[in-house]
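# Examining the three-dimensional arrangement
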Amino acid sequence: SAVRFLHGAGARVALTDSRAEPSGLAGLSEVAPADLALGGLDGALLAAQELVVVSPGVPLDDPAIAMARAAGATIIGDVELFGRFAGAPVVAVTGSNGKSTVTSLLGAMFAAAGPDAGVGGNLGTPALDLLAMPEPPAYVLEISSFQAEGLARFRPRVAVLLNLSPDHLDRYPDLASYYAAKWRLFQGMGAGDTAVLNADDPEVVGGAAQLPPGVRPVWFGSGLPAAGGAGVVEQDGEPWFALGTETGPQAVLPVARWPLEGGPNRANALAALAAGAAAGLSVEAMARALAAFNGLGHRMEVVAEVAGVRYINDSKGTNVGAVAAALAGLDRPFVWIAGGVDKDSDFSELAPVLRQGAREAVLIGEAADEIAAAVDGAVTVYRAGTMA
C-alpha cells in the first residue's frame, strides 16, 4: 500500500525487505520500485532516501533503519503518512485487546448514521489504500502499538485507548516501552480533540496525565457514566448501556440486547458508544448498530451449542490479558483449549481465573509446557497433539 500510494503521489520509490520473496510483490508490477533490494534490509539503500516508510513489522531500532536515521532520513510509518494526506477527521482505536471489534463497531455506527466512514488500518483495508477511495466524512482506524511507533504529528480528532495488558514482550524491552508505544497515538492531539479512556483499567487511569494540553478526556466503564462518557445504568429493572450528558445519564440500549458474549465485549460496546458520541453520531443510530452487531470471527465467537455445551472460538485471544478477561466474563463452567507460540508471556496470571471457573484445560502447541507449569495446581491439565 505504501509503494502504491507514494508512486501515485509522484515519489521515486525504493523498496527493501527482509524476505527474498515478500508477499504482495507480484501485485506491484504496474508500479515497480525504482530500486529493489530483497533478502535483507539494505541500510545503504535506505540511507540514500529522504523519507523512509517503515512497515509495522520492522522494529525502528533495526540497524538498517538506524543507518537511514544517521544519514538524515525522515523515519515514519504508514499511518503517519496517511495522516499527512487525509482530508477527513480520524477516529483512532488502540489498546491491547478489542481493537478490531471496536473499530468494526464504530464503522457500523457510522453506517447506521450515514454516510459510511472509511474503515481500516491494522484491520482490513490498509490506511493508505483508503486514500484511493472517495473521501468519506470520517476515517475509523485500528492502530497497533507497532504502527504507533511510527507516528510523529498524526492527529486523530478522537482517539480511544481500550486497555493495557502485557503483550509483544518479544519485541519490546519491557512493559513500560510497550505501554509508551500505545500512548504515542495521543501525542499529536490538541485543543478540541477527545481521548476516550477506560475508567476500569488502572494502567489507563494512571497514564491519562500524559495527555497533551487541551485534549478532553472522556471515560467509559462499568459504573455510572460521567458527562461525555459511557457506562451502565439500571432502567426498568435491567442494566442499560448509557451515555453521560450534562443533565445526567441517557439510556441507549438494554445490555441484554447486545449480541456479544462476555465482560470485555460489554466494555467494547461502551468504548464505541463514547467514541461515537464524541464524533457526533446520533444516539438512535448507535443503538441500532449495537443491537445488530454480531461481532468478528475468532473473537469470543459462538460457533455451536451441542447437548447444552456452548463452543466458543476465541483464537484471536493472543495475549494473557485478553484470555483472562474473556474467561472471567463467562457465566458457566468451562473447558479451556489453549496453546500456540509464546511471546514471552506470564501465563501464571491465568491461574486465578482457571481455578475459579475451569473444569479442565487441554493444552496444545509449542507453549503447552510453559502454560502447564504456570497453571499447575489451578486446574487439571491434559495434552493433545492437535485440535481434532
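Residues numbered from 1 in each chain as written. Predicted model: local features only at pLDDT ≥ 70, side-chain atom pairs only at ≥ 80, totals over all residues. Heavy atoms only, no water.

## Focus on the side chain of T94
Test applied: In this description a helix means any DSSP run of H or I spanning at least four residues, a strand means any run of E spanning at least two, and both kinds are numbered starting from the N terminus. Three exposure classes are used, based on accessible area relative to the maximum for each residue type with a 1.4 Å probe and protein chains only: buried under 20%, partly exposed in between, and exposed over 50%. Here a polar contact is taken to be a pair of N or O atoms separated by no more than 3.5 Å, where protein atoms must pair a possible hydrogen donor with a possible acceptor and residues adjacent in sequence count only if both atoms sit in side chains. By definition in these notes, contact holds between two residues if any of their heavy atoms fall within 4.5 Å.
Tracing the sequence through the fold places T94 in strand β5 (residues 90-94). Residue T94 is classed as buried on the basis of its relative accessible area, which comes to 1%. At 3.4 Å, the side chain of T94 forms a polar contact with the side chain of K182. Residue contacts for T94: discarding those within four places in its chain leaves K99, I143, S144, V160, L161, L162, K182 and L185.

## Brief notes about empty space enclosed by the protein
Rules: For cavity detection a 1 Å grid was placed over the protein atoms alone, and a set of points counts as a cavity when a 1.4 Å probe fits there but cannot get out; an open set counts as a pocket when protein lies on both sides within 12 Å along at least five of seven lines, with lining residues being those that have an atom within 4 Å of a point. Grid points are joined across faces, edges and corners, and a volume is the space filled by probe spheres set on the points. Each residue gets one label: Ala, Val, Leu, Ile, Met, Phe, Trp, Tyr, Cys and Pro are nonpolar, Asp, Glu, Lys and Arg are charged, and the others, such as Gly, are polar.
Using the criterion set out here, one finds 2 cavities of 30 Å³ or more in the structure. Space inside the largest cavity adds up to approximately 50 Å³. Lining the largest cavity are 13 residues; nearest its centre among them are V54, P56, G77, F146 and G150. If you list the elements that add at least two residues to the lining of the largest cavity, you get α4 (78-85) and α7 (145-149). The element best represented in the lining of the largest cavity is α7, accounting for 3 residues. Classifying every residue of the lining of the largest cavity by side-chain character gives 6 nonpolar, 4 polar and 3 charged. The volume enclosed by the second largest cavity comes to roughly 40 Å³. Of the residues that constitute the lining of the second largest cavity, the class distribution is 3 nonpolar, 2 polar and 3 charged.

## Focus: the sheet that holds strand β17 (residues 358-364)
Keep this limit in mind: When DSSP finds two or more bridges between two strands, those strands count as paired. Lines fitted to the C-alpha atoms define the axes, with helices restricted to the stretch that makes contact. Angles between their N-to-C directions range from 0 to 180 degrees.
Spatially, β16-β17-β18 is the arrangement adopted by the 3 strands of the open sheet, whose pairing is parallel. Both edges of this open sheet fall to β16 (334-339) and β18 (381-383), since each of them pairs with a single strand only. In this sheet, adjacent strand axes meet at a mean angle of 25° when their direction is disregarded. Judged from the 6 bridges that link them, β16 and β17 form a sheet pairing that is parallel. Bridge pairing in β17 places F334 opposite A358.

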